[in-house]
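Remarks on the overall topology
One letter stands for each residue in the lines below.
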Amino acid sequence: MTSTFLQDLIEFIFPRKCPICGGRLYKGEWICTTCLSRLPYTLYHRTRDNRLEQRLKSIAPIERATGYFFYSPQGELRPLLFQTKYYNHQPLARHLGKLMATHIKSDGDFFEGIDFLVPIPLANKRLRQRGYNQSQLLAEGIHEVTQIPISSDTLLRTVDNPSQTHLTNTERWENVKDIFAITPSTHERFEGKHIVLVDDVTTTGATLASCIQTLKKAVPTCRISVAVLAIADLE
Ligand SMILES: [Zn+2]
């Protein structure tokens, strides 16, 4: 028996379910077509100087930025992200990266001239607990579509900052200051290059800005752009 036949058989006996509505999924689907059509897309990749780009540019030196979905605690995206984060749903996270990259690539030049995709790392302890980094999986999905190489060994997270939710803006900044570090290979690899930082969700952008500042301080000639899956608080 081929593995495809086995997969088909398993899916026939145990049909996979849409992570949003619970409806049945068909072959090749990770989200059902109805839910897919209702997701809150930002379409920011079509607009330079979009609101995420404006927000990040006010706090960090970036070239361009895009976020694919609006995130709200009551929205359709919550069960999706919850599954990629806490339910070990790694293929879904990779699929979301592919979905985002396919759409962005089909009507814009966001990925033109990009040398590396750099997933925002987790601290080692968190990575051991969870077993995977969802930003790495998103980057893998983006790579499948764009063929841009991923650089995961250039950036480290030294501190696993706790939840930012109940902090004021100033406290958030203090909370994420100097939480990233670079590795010895960073200078050589990123000198004069244009990289895209990949993250799953951003709210104030403070964590991304902290990361950008660390990279810029180490390699001033490196140009940095940002692609996040979802943006909270920006509707
Ligand atoms: Zn659905």
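Residues numbered from 1 in each chain as written. Predicted model: local features only at pLDDT ≥ 70, side-chain atom pairs only at ≥ 80, totals over all residues.

**Considerations on the nonpolar core**
Formed by 53 residues in total, the largest nonpolar core has its most connected members in Leu197, Val198, Val226 and Ala230. Setting aside residues no more than four positions away along its own chain, Val226 makes contact with Leu56, Ile62, Ala65, Val196, Leu197 and Leu208. (Core = buried A, V, L, I, M, F, W, Y, C linked by C-beta atoms within 7 Å. Buried ≥ 20, exposed ≤ 12 C-beta atoms within 10 Å, placed from the backbone. Contact = placed C-beta atoms within 7 Å.)

**A few points about the environment of His194**
Looking at the secondary structure, you find His194 in strand β5 (residues 194-202). With sequence-adjacent residues up to four places away left out, His194 is seen in contact with Glu63, Gly113, Ile114, Asp115, Arg223 and Ser225. (Helix = DSSP H or I, 4+ residues; strand = E, 2+ residues; numbered from the N terminus.)

**Quick notes on unusual backbone geometry**
What is expected of a backbone is that most residues other than glycine have negative phi and most peptide bonds are trans. Phi at Leu43 is positive, roughly 55°, even though this residue is not glycine. With 13 C-beta atoms packed within 10 Å, Leu43 lands in the partly exposed category. For Asp178, which is not glycine, the phi dihedral falls at a positive 55°. Along the polypeptide, Asp178 turns up in the loop between α8 (169-176) and β4 (180-182).

**Considerations on the environment of Leu197**
Secondary-structure assignment places Leu197 in strand β5. For Leu197, a count of 24 C-beta atoms within 10 Å puts it in the buried group. Put simply, Leu197 and Ser72 are 125 residues apart on the chain and 22 Å apart in space, counted from C-alpha to C-alpha. When residues no more than four places from it in sequence are discounted, the contact partners of Leu197 are Val118, Ile120, Leu208, Cys211, Ile224 and Val226.

**Looking at the packing of α8 against helix α10 (residues 206-218)**
Any two packed helices are characterised by the angle at which their axes cross and by the distance between the axes. Contact geometry for α8 and α10: axes closest at 9 Å, N-to-C directions at 45°. In terms of axis orientation, α8 runs oblique to α10. Seen along the crossing, α8 lies across α10 with a hand that is right-handed. Side by side, α8 and α10 meet where Arg172, Trp173 and Val176 of the first sit next to Ala206, Thr207 and Ser210 of the second. (Axes fitted to C-alpha atoms, helices over the stretch in contact; angles between N-to-C directions. Parallel < 35°, antiparallel > 145°, perpendicular 65-115°, else oblique. Left-handed = near helix turned anticlockwise from the far one by under 90°.)

**Quick word on the sheet that holds strand β6 (residues 223-232)**
The strand order across the open sheet formed by 4 strands is β1-β6-β5-β2, and the pairing between neighbours is parallel. The open sheet terminates on both sides in strands that have one partner only, identified here as β1 (65-71) and β2 (116-119). Between one strand axis and the next, the sheet turns by 20° as a mean value, whatever way the strands run. Across 8 bridges, β5 lies against β6 in parallel orientation. Pairing of Val198 across the sheet is with Ala227, part of β6. Of the strands in this sheet, β2, β5 and β6 are in contact with helix α7 (residues 134-146), which crosses β5 at around 125°. (Pairing = 2+ DSSP bridges.)

**Here we look at the confidence of the model for the chain**
Averaged over all residues, the pLDDT of the chain is 88; the fraction at 70 or higher stands at 93%. Of all the helices and strands in the chain, helix α1 (residues 3-13) carries the lowest mean pLDDT, 71, while β2 carries the highest, 97. (pLDDT = per-residue confidence, 0-100.)

**Re the packing of helix α5 (residues 90-106) against α7**
Put simply, α5 and α7 touch, their axes get as near as 7 Å, and they point 45° apart. Overall, the two elements α5 and α7 adopt an arrangement that is oblique. The interaxial crossing formed by α5 with α7 has right-handed handedness. Between α5 and α7, the contacting residues are Gln90, Ala93, Arg94, His95, Leu96, Gly97, Lys98, Met100, Ala101, Thr102 and Lys105 on the first element and Gln134, Leu137, Leu138, Ala139, Glu140, Gly141, Ile142, Glu144, Val145 and Thr146 on the second. Within the contact of α5 with α7, the residues separate by chemical class into 9 nonpolar, 7 polar and 5 charged. (Nonpolar A, V, L, I, M, F, W, Y, C, P; charged D, E, K, R; others polar.)

**A short note on α7**
Its 13 residues give α7 an end-to-end C-alpha distance of 18 Å, which sits within 8% of 18 Å, the value for a rise of 1.5 Å per residue. The complete set of buried residues in α7 reads Gln134, Ser135, Gln136, Leu137, Leu138, Ala139, Gly141, Ile142 and Thr146. (Expected span 1.5 Å × (residues − 1).)

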